[in-house]
Amino acid sequence: MLLIIFYEERNFMGRHYECMSDCADMSSYMSRCHSCRVESGCFMVYDRPNYMGNQYFFRRGEYADCMSMMGWRDWIRSCRMIPMYRGSYRMRIYERENFGGQMYEMMDDCDSIMDRYRMSDCMSCHVMDGHWLMYEQPHYRGRMMYMRPGEYRSFREMGYGGMRFTSMRRIMDSWY
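Quantities reported herein were computed from a predicted structural model and do not represent experimental measurements.

A. Geometry of the UniProt feature "domain: Beta/gamma crystallin 'Greek key'" (unreviewed entry) in the chain. Per the UniProt record, the feature "domain: Beta/gamma crystallin 'Greek key'" (unreviewed entry) sits at residues 41-83 and 130-172. Annotated as 12% helix and 47% strand, the span residues 130-172 places its first and last C-alpha atoms 9 Å apart.

What follows is the structure in C-alpha cells.
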C-alpha cells in the first residue's frame, strides 16, 4: 500500500490528509499543505490542481517544510501516485516537437543529453517502458517533470515552453 500524509502546517502539525492514490484537488480536504510524510511509495506533487504547474518528486521520508525545500510560494494542490515498476526501461527522446529532429533511445539514466548525445534540447519523447523523471538541468537538478508510458508530442503545448529538459532518470523500485 502506497501512502503519503499531508499536513497543513510545517513540522507535521495541524490538520492532515492521508492519500493512497491520485488526488486531483486537495482543496476539499485541507486549506493548505506545508509538510508531508511519505510512509511508502513514490509520489509527484503539484502546486496547482489537476496535476498542473510545478512538480516535485517525493519518495519515502519526511518533508518538514515542503515550501522552503521546493522554493514554492504556493502549496501542494494535487498529487499523483507513481506505481511500482520492475520491468525494463525504454524511452525515445527527440530534439524537436512531434518526434522530429535527432532521436535517441535510452534504457538507463542520463545525467546530460549534451554530453552523451551532443543534443542541446529535448522537445518531445515517447516513453515505451517504465516511469521517468526529466530534469531541467544536467545532473538531475532544477525543475522536473514526471513521465509515465505514453507519447509526449510537445512539451511546449503541455505548458513547459520555457523549460529545456537536459537530464533523465528512471524511477526505480529501490526508491520505494
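B. Layout of the pattern of salt bridges. Going through the model one piece at a time under the given rule, you end up with 16 salt bridges. A salt bridge links Glu-8 to Arg-15; the shortest N-O distance between them is 3.9 Å. One salt bridge in this structure joins Arg-92 and Glu-105, with 2.8 Å as the shortest N-O distance. One end of the pair, Arg-92, is in strand S6 (residues 90-96); the other, Glu-105, is in strand S7 (residues 100-106), and 13 residues separate them in sequence. Take Arg-92: its relative accessible area is 27%, and that puts it in the partly exposed class. Judged by relative accessible area, which is 34%, Glu-105 ranks as partly exposed. Sharing partners across several salt bridges, the network here consists of Arg-90, Arg-92, Glu-105 and Asp-129.

C. Examining the packing of aromatic side chains more closely. This structure, assessed with the given rule, holds 12 aromatic pairs. An angle of 25° between the planes, with centres 4.2 Å apart, marks the rings of Phe-58 and Tyr-63 as stacked. Here Phe-58 matches Tyr-63 in class, with each residue buried. With centroids separated by 5.2 Å and ring planes inclined at 85°, the aromatic side chains of Tyr-85 and Tyr-89 adopt a geometry described as edge-to-face. Given a relative accessible area of 6%, Tyr-89 falls into the buried group. Pairwise contacts between aromatic rings join Tyr-56, Phe-58 and Tyr-63 into one cluster. The aromatic ring of Phe-12 is capped on one face by Arg-37, whose charged end is 4.2 Å from the ring centroid. The ring of Tyr-89 is capped by Arg-170, whose NZ or CZ atom sits 5.6 Å from the centre of that ring.

D. Representation of the pairing of S7. Bridging between S6 and S7 involves 5 bridges; their strand directions are antiparallel. When the sheet's bridge partners are listed, Arg-92 is paired in S7 with Glu-105. Once S6 ends, the chain turns through 3 residues before running back antiparallel as S7, passing Asn-98 with a positive phi of about 55°.

Conventions we followed
Residues numbered from 1 in each chain as written. Predicted model: local features only at pLDDT ≥ 70, side-chain atom pairs only at ≥ 80, totals over all residues. Heavy atoms only, no water. UniProt positions renumbered as here; feature names shortened; annotations may be inferred. Helix = DSSP H or I, 4+ residues; strand = E, 2+ residues; numbered from the N terminus. Salt bridge = Lys/Arg side-chain N within 4 Å of Asp/Glu carboxyl O. Buried < 20%, exposed > 50% of the residue type's maximum accessible area, 1.4 Å probe, protein only. Phe/Tyr/Trp six-rings, centres within 6.5 Å; stacked < 30°, edge-to-face > 60°. Lys NZ or Arg CZ within 6 Å of the ring centre and 35° of its normal. Pairing = 2+ DSSP bridges.

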